[in-house]
Amino acid sequence: MAEVDSFQNLLAARMLLKTSLEKSRSVASALEKTGPRLEEIKQSLPSLEAALRAQKCSLAALGGHISRAVGPAAAVLKVFDAIHGLENSLSSDPSSDLYGYLVVVKRLEEALRFLAENCGLAIRWLEDVVEFLKENAVTDDHRYLSNVTKSLKILRELQANEKCARLDGGLLSAAYDKLETEYRRLLRENGVPLPIISSASSIVAPSSLPVFVIQKLQVIIERLSANNRLENCLSTYIDIRSSNARACLEALGLDYLEISIFEFDNLQYMESSLDMWSKHLEYSVKNLLELEYQLCNDVFEKVGLEVSMDCFAKIAIQSGFLAFIQFGNTVTESKKDAVKLFKLLKIFHTLNELRLDFNRLFGGKSCNEIQIPTRHLIKRVIDGACEIFWELLPQVEVHRGTSPPSNGSVPSLVSFIIDYCNQLLEDDYRLTMIQVLEIHQNWKHQKFQEELLRKEVCNIVEAIRLNLDAWSKSYEGTPLSYIFLMNNHCHLYKALKGTSLGNLIGLLGHEDETLFSDGRAMACSLVKKKLKTFNEALDGTYKKQSNWVLANKNLRKRICQLVVDAIVPVYRSYIQKYGHFIEKDGIKNVKIYTEEGLVNMLSSMFQPKMGKCYSTNTRHSIDKKSEIVTSQFPSTTVVA
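Residues numbered from 1 in each chain as written. Predicted model: local features only at pLDDT ≥ 70, side-chain atom pairs only at ≥ 80, totals over all residues. Heavy atoms only, no water.

Taking an unreviewed UniProt entry as the reference, the protein is identified by name as Exocyst subunit Exo70 family protein belonging to Vitis vinifera. If you open the UniProt record of the protein and go to Function (unreviewed entry), you find "Component of the exocyst complex." Within the UniProt record for the protein, the comment given under Sequence similarities (unreviewed entry) is "Belongs to the EXO70 family." (UniProt positions renumbered as here; feature names shortened; annotations may be inferred.)

Asks: Kindly report on the overall build of the protein, identifying the contributing residues and their values.
Replies: Each helix and strand in the protein was counted, giving 21 helices and 2 strands. The burial tally for the protein puts 39% of its 640 residues in the buried class. Accessible surface, the protein: about 36,300 Å² in total, of which carbon and sulfur atoms supply 54%. (Helix = DSSP H or I, 4+ residues; strand = E, 2+ residues; numbered from the N terminus. Buried < 20%, exposed > 50% of the residue type's maximum accessible area, 1.4 Å probe, protein only. Areas by Shrake-Rupley, 256 points an atom, 1.4 Å probe, with all protein chains shown as cover.)

Asks: Describe the pattern of salt bridges, naming the residues involved and giving the relevant values.
Replies: A side chain of one charge can pair with a side chain of the opposite charge when the charged atoms of the two come close. Summed over all chains, the structure comprises 21 salt bridges. When the shortest N-O distance is used, the salt bridge between Arg185 and Glu182 registers 2.7 Å. One end of the pair, Arg185, and the other, Glu182, are both in helix α4 (residues 171–190), 3 residues apart, so they sit about a helical turn from each other. You can call Arg185 partly exposed: its relative accessible area is 29%. Across the pair Arg360 and Asp357 runs a salt bridge, and its minimum N-O distance is 3.4 Å. Here the residue Arg360 and the residue Asp357 both occupy positions in helix α11 (residues 355–362), the gap between them amounting to 3 residues, near one helical turn. (Salt bridge = Lys/Arg side-chain N within 4 Å of Asp/Glu carboxyl O.)

Asks: Go over helix α10 (residues 340–353) with me, naming the residues and quoting the values.
Replies: In this model α10 runs 20 Å from its N-terminal to its C-terminal C-alpha over 14 residues, within 8% of the 20 Å that 1.5 Å per residue would give. Judged by how many residues are buried, α10 sits mostly within the fold: 10 of 14 residues are covered. Among all positions of α10, only Lys340, Leu341, Phe342, Lys343, Leu344, Leu345, Ile347, Phe348, Thr350 and Leu351 are buried. (Expected span 1.5 Å × (residues − 1).)

Asks: Give a detailed account of the environment of Ile439, specifying residues and quantitative values.
Replies: Counting through the fold element by element, Ile439 comes out in helix α14 (residues 427–443). For Ile439 and Asp383, which are 56 residues apart along the polypeptide, the C-alpha to C-alpha distance reads 9.7 Å.

Asks: Before we move on, can you summarise the packing of aromatic side chains with the specific residues and values?
Replies: For any pair of aromatic rings, geometry is given as the distance between the ring centres together with the angle between the planes. Counted according to the given criterion, the structure contains 17 aromatic pairs. Seen in terms of ring centroids, Tyr293 and Phe312 are 5.4 Å apart; in terms of plane orientation they differ by 85°. Their pairing is edge-to-face. Here Tyr293 is found in helix α7 (residues 267–299), whereas its partner Phe312 is found in helix α8 (residues 305–318), with 19 residues between them in sequence. Among the residues examined, Phe312 registers a relative accessible area of 0% and is labelled buried. Where Phe321 meets Phe362, the ring centres are 5.5 Å apart and the plane angle is 35°; that geometry is what we call tilted. Separated by 41 residues along the polypeptide, Phe321 in the loop between α8 and α9 (322–333) and Phe362 in helix α11 bring together distant segments of the chain. For Phe321, a relative accessible area of 1% translates into the label buried. For Phe362, a relative accessible area of 2% puts it in the buried group. (Phe/Tyr/Trp six-rings, centres within 6.5 Å; stacked < 30°, edge-to-face > 60°.)

Asks: Provide a residue-level description of the nonpolar core, including the pertinent values.
Replies: In this structure, Tyr237, Trp277 and Phe362 are the most contacted members of the largest nonpolar core, which totals 145 residues. Among the elements that make up this core, the one with the highest residue count is α7 (13 residues). Ignoring sequence-local partners within four residues, the contact set of Tyr237 consists of Tyr183, Leu187, Ser242, Leu295, Cys296, Val299, Phe300, Cys311 and Ile315. (Core = buried A, V, L, I, M, F, W, Y, C linked by side-chain atoms within 4.5 Å. Contact = heavy atoms within 4.5 Å.)

Asks: Let's hear about the packing of helix α13 (residues 412–425) against α14: which residues, and what values?
Replies: Where α13 contacts α14, the two axes come as close as 5 Å, and the packing angle between them is 75°. It follows from the interaxial angle that α13 and α14 lie roughly perpendicular. In contact with Gln423, Leu424 and Leu425 of α13, α14 contributes Asp427, Tyr429, Arg430 and Met433. (Axes fitted to C-alpha atoms, helices over the stretch in contact; angles between N-to-C directions. Parallel < 35°, antiparallel > 145°, perpendicular 65-115°, else oblique.)

Structure (structure tokens):
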């Protein structure tokens, strides 16, 4: 039994050894196959070790980079919190504390500017960090990736909020809207025109703006202009101020400015319209637009002169000011007649009086819409006035061939031309006419002569004289011819006595003291010339009329006395004033009448010639006709 058990043990040991040997062979085979792989790993360990070390260094550097990115991000978050703190202040009404409100707006602008400058930079840094972490598959044991991603999300939201704050409906945009509303309120409530009752008429005075209002407008404009909202300020200002200016003009009653050309046939209505036009234009320029000009300069002082001038030009145009220029054009387009000359001279005088104001207010390029039509109007006025003036003489000459009044009365042409020339020589029109003629001559590159107006008026009066001579000869009966001449002489005497025209054409007049400013020699020459002209006119008239006869003694005496009264006092006054030039300077070849001699000479006119015999019937007939003449032409209308 014992041997059997030993044998069994040997067999078991044999099997164990066999199994172990097989395992050893398998292990040996496995080891043989694994050896090269281990060698390969052994060879790659140094490079793997270096890579791990590099990754460690990168992670260490990345931590510092993240810290640098998170710092600005934290500052951005802090500023964003401050912006939220401004919301309550910005929701208030600026009118209660405009300057405080502007301080808050400026803080908001600075905060949003900080966000705009720093938020984007921090976002770019953090985006680079996230990209690096993802590319390198870094584990998030230290929560780098999640923290950076969260910060990046917040910054992007802040950036979007900053942009929204500047867009319509955003916080800053809403603040600007409130400032614009306050700007509009200040203009409306402080610029309302005020009615003023003057002794002449009821007018509306333009309203200026108080200094404190101008200052508020300036700070609002400065804030809005810095944020590209200047155009809104300008359009609001122009709308409100031009509306106020238009209301001021409409209150004047300017319906007459829309008058048609055909309505100018009504002389009285035309003259009253021109008077109102002159007064209203002066008011518009010197008061209304002058005020708007100064306000534009003050309100937009910090923006620039060009902006303020553009603003003023639009206010002037939208106020309706150009209607005054159009009215002037309507006058120039009306039918051409002699009276139109005075209309044109009045227009020129008014515009010339306002010339400096026009140049100052409308001199900039912004006012071309006013400059161009104004220049055009002035040219039409000057051209039209000169055209009428130079046609006066031909028009008088044309009437020479017409028939005189059948009853020997004064022709309407004579009355009209004498009154017309007298009016033209009055200071109101004379100086203006000279200016117009001078400008017109300069335009034609012709030398202007100071005596141009006087010479032409003398030519016109001479044409009237020639007309009277021609007309007097056209009567069949000599008595009616004499009556015609007497009537016209009487009319001319009354019309010319003491007038500029009378002094110009024959009645001695006192020279203006300014004429002697060139020295005594010039004064002597003027006195000599004046006396010679008077003597020639007197001698010629006396020689011609000394052959005329007035048979009725009372009529003759009456007419001679009128002649004496017309000439002698004027002559006496002239000699008394300038006689010293004759005495001291020995003026020669000039006849000087004594007062007694001149009276005797004039009183001897119209005497019947001795030796003429008249029958009783003839004398009675002449006396009867004289009585008829006297009754038909009273003392106020009859003179030799």
